[in-house]
Every structure is written in structure tokens, then in C-alpha cells.
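Observations on chain architecture
Below are the chains, spelled out letter by letter.
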Amino acid sequence: MNNLIFSLNATMPVFLLMVFGYFLNRIGWMDDELAAKLNTFVFRIPLPVLLFHQLATTDFIKAWDTKFVLFCFFATFASILIVTLLSRLLIKQRDLQGEFIQASYRSSAALLGIAYISNLYGRATMAPLMIIGAVPLYNIMAVVVLSLTEPGAEKLNKAVLKKTILGIFKNPIIIGIVLGFFYSILNLPMGKIPDKFLSEVAALSTPLGLMAMGASVDVKKIGGQLKNAIVASLIKLVGLEIIFLPLAVKFGFRYDKLVAILIMLGSATTVSSYVMCRNMHHEGILTSNTVILTTILSAFTLTFWIFLLRTLHTI
């Protein structure tokens, strides 16, 4: 029972904030336009500030773990290879393969990783390391698979790939991590006033981001490609964890590192994957369905995984 309570304490506050956002959307207090603006705001300001502040006030040299970062990178890369092979076996329509691949591996790692690790351990120091290992690869490979499977496309669009790689270097989350990293290793002081200001701005990221995510859910849009979306959701929330969590435990990762890996593998498919699909001329129905299903179901699957890991005394 204690393990179940521990798990619910980690997942329910996150889930309830998303439900609250959905409720505000349904009563018209947070419409789709406001939710989209809040998503952009959180991505550009509070979330990068949170990552910067956490790293700037941490001894990053002591916190750095090369093995952990490399595991996140290679587990992500292997996940992409696995779902690519599955897409060839399960889906015949070429343009849908790209959507299936991206929806099956691309997590809301930054926002949810920070939320869950902070709920459990107070600070999310391991979340930036997980982001370094996984998120740039998320974005690059999403462009590759969507370009290769773009309707009517014969080969990878180099211009789009180049633009996305440049976009990664301009990504506010990456910038926040890099600045926080250098601030930490240079051992620069931080006065009480800037520390308090950054803390207040950073505190906006989790509640606003989760409410905006919940407000973006539209269950009425679940229609076409439902079968493929269910398969992608099962891979995202269950399949990848069965493969890589035992490996993570075998490699010796515990506590906040193991939770970060769990969120990297098993959190909901990010809403931005739908935006990228549409911008690269894909239909997007399979992706939007997977986003909705994983957003709803991840509250239960993540509770199960945290309960299991807690019962095994690994977190």
C-alpha cells in the first residue's frame, strides 16, 4: 500500500493538472488559442529558466554522468530503430510509417520529466542530462523519418534537415541547459534577488505547461487511424519500457536517474509531433490520436511503472 501511495503521489498531481486544463477548455476559460499560446510561452520562457536555474545552482561537475547520458542516447536511438522495423511490418502505407515511428518514440520528456522527478525528489537535476541525451536526437530523427516518408517525396529534403538542426541549436530548452551548465562549471555566484526571481519564473513551467497540455486534448478527434494509434500507444507506454527498463536497472541506474529514463521512454507523445507532421505535409490523424491516447493513458501506465520500480526498491 505504501508503494501504491508513493506512486500515486508522483503521478496524480501531474494528471490532475492536465484534467484541470481540459476542464477549463471545456467551459471556455482556456480555449485552443490560449492553450497554444501557453504551450509556446512555457517552451520559450519558464521551462528554459527552470532548467537554467536548476543547473546553475547545482555542482554540475559532480552531477554529470557520462554513462547515463550515453544510455539515454542509445536507448532512444534503439527505440527509433525498433519502431521503424515495426512500422515496415505493420503499416503498408508509406506516409503513415513516418507518423507511426515518430508517435511511438517521441516523448514529452522535458516538461513531464521535470514534473515527475520534482514530485518524487524535490529537484530534477537528472532531467537536463536526460534531455541532453535524448531530445536533440528526437528532433533530428523526426525530421529524417517524416522527410523520407513525406507524401510524394523521393528523398530526404536536405534544406528541411539543415533548418531543423539549426533550430535545435536555437531551441530555448537547449539554450537554458547550456547556459546553466557554463554558469555552474564557472562557479559564478547568484544573489538572493536573481535567485528568487528565477525561482518564481521557473515555478510557472509545470502548472501552466500541464494545464495547456490538458486543454489541447480533444477526445472528439479520435476517429481515423485508431487501430494504428492504439498500437503506437502500446509501444510508447508499455513496449519500450519492457525492453529498456531492465537494461537500465542492469546498468545500475537507480532513483531519479531511473525515473528520468522511465519518463524518456514512457511519457505521453509530445504535442509538437503533430505540429511537425502537419508542417511536413502529413495528414496527422494517426499522430493526433496517439497524442490523445498516450496523454490519457500515461497517467495509469506511469503509475504502474513507478509502483513496480518502487516495489523492486529501485526508486
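From a predicted model like this one, the values you see are computed outputs, not experimental measurements.

**Brief notes about the environment of M280**
With respect to the helices and strands, the residue M280 is situated in the loop between α15 (272–279) and α16 (285–311). Taking relative accessible area as the criterion, M280 reaches 8% and is therefore assigned buried. In sequence terms M280 and S147 are 133 residues apart; their C-alpha atoms lie 7.2 Å from each other.

**Considerations on unusual backbone geometry**
The phi dihedral of N187 falls on the positive side, at around 55°, and the residue is not glycine. By the element assignment, N187 lies in the loop between α10 (172–185) and α11 (192–202). Unusually for a residue other than glycine, Y255 sits at a positive phi of about 55°. According to the relative accessible area criterion, Y255 is partly exposed, its value standing at 46%.

**Considerations on a nonpolar patch on the surface**
On the surface, a nonpolar cluster with roughly 660 Å² of combined accessible area is contributed by L226, I230, L234, V238, I242, I243, L247 and F251. With respect to the helices and strands, the residue L247 is situated in helix α13 (residues 226–250).

**Quick word on the side chain of S298**
Mapped onto the elements, S298 comes out in helix α16. Residue S298 is classed as buried on the basis of its relative accessible area, which comes to 4%. At 2.8 Å, the side chain of S298 and the backbone oxygen of T294 are in polar contact. Setting aside anything within four residues of it in sequence, one finds S298 in contact with L237, G266, A268 and T303.

**Comments concerning the packing of helix α2 (residues 32–44) against helix α3 (residues 46–56)**
Here α2 crosses α3 at 25°, and the two axes come no closer than 3 Å. With respect to α3, the element α2 is oriented roughly parallel. On α3, the residues that touch F41, V42, F43 and R44 of α2 are P46, L47 and P48. Within the contact of α2 with α3, the residues separate by chemical class into six nonpolar, no polar and one charged.

**With respect to the packing of aromatic side chains**
Inspection of the entire model under this criterion finds eight aromatic pairs. Residues F68 and F253 carry aromatic rings whose centres are separated by 5.7 Å and whose planes lie at 75° to one another, so their mutual orientation is edge-to-face. In this pair, F68 sits in helix α5 (residues 66–90) while F253 sits in the loop between α13 and α14 (255–266), placing the two residues 185 residues apart along the sequence. We note that F68, like F253, is buried.

What counts and what doesn't
- Residues numbered from 1 in each chain as written.
- Predicted model: local features only at pLDDT ≥ 70, side-chain atom pairs only at ≥ 80, totals over all residues.
- Heavy atoms only, no water.
- Helix = DSSP H or I, 4+ residues; strand = E, 2+ residues; numbered from the N terminus.
- Buried < 20%, exposed > 50% of the residue type's maximum accessible area, 1.4 Å probe, protein only.
- Patch = residues over 30% accessible without salt bridge, like charges linked within 9 Å, V, L, I, M, F, W, Y side chains within 5 Å.
- Areas by Shrake-Rupley, 256 points an atom, 1.4 Å probe, with all protein chains shown as cover.
- Salt bridge = Lys/Arg side-chain N within 4 Å of Asp/Glu carboxyl O.
- Polar contact = N/O pair within 3.5 Å; in protein donor to acceptor, adjacent residues only side chain to side chain.
- Contact = heavy atoms within 4.5 Å.
- Axes fitted to C-alpha atoms, helices over the stretch in contact; angles between N-to-C directions.
- Parallel < 35°, antiparallel > 145°, perpendicular 65-115°, else oblique.
- Nonpolar A, V, L, I, M, F, W, Y, C, P; charged D, E, K, R; others polar.
- Phe/Tyr/Trp six-rings, centres within 6.5 Å; stacked < 30°, edge-to-face > 60°.

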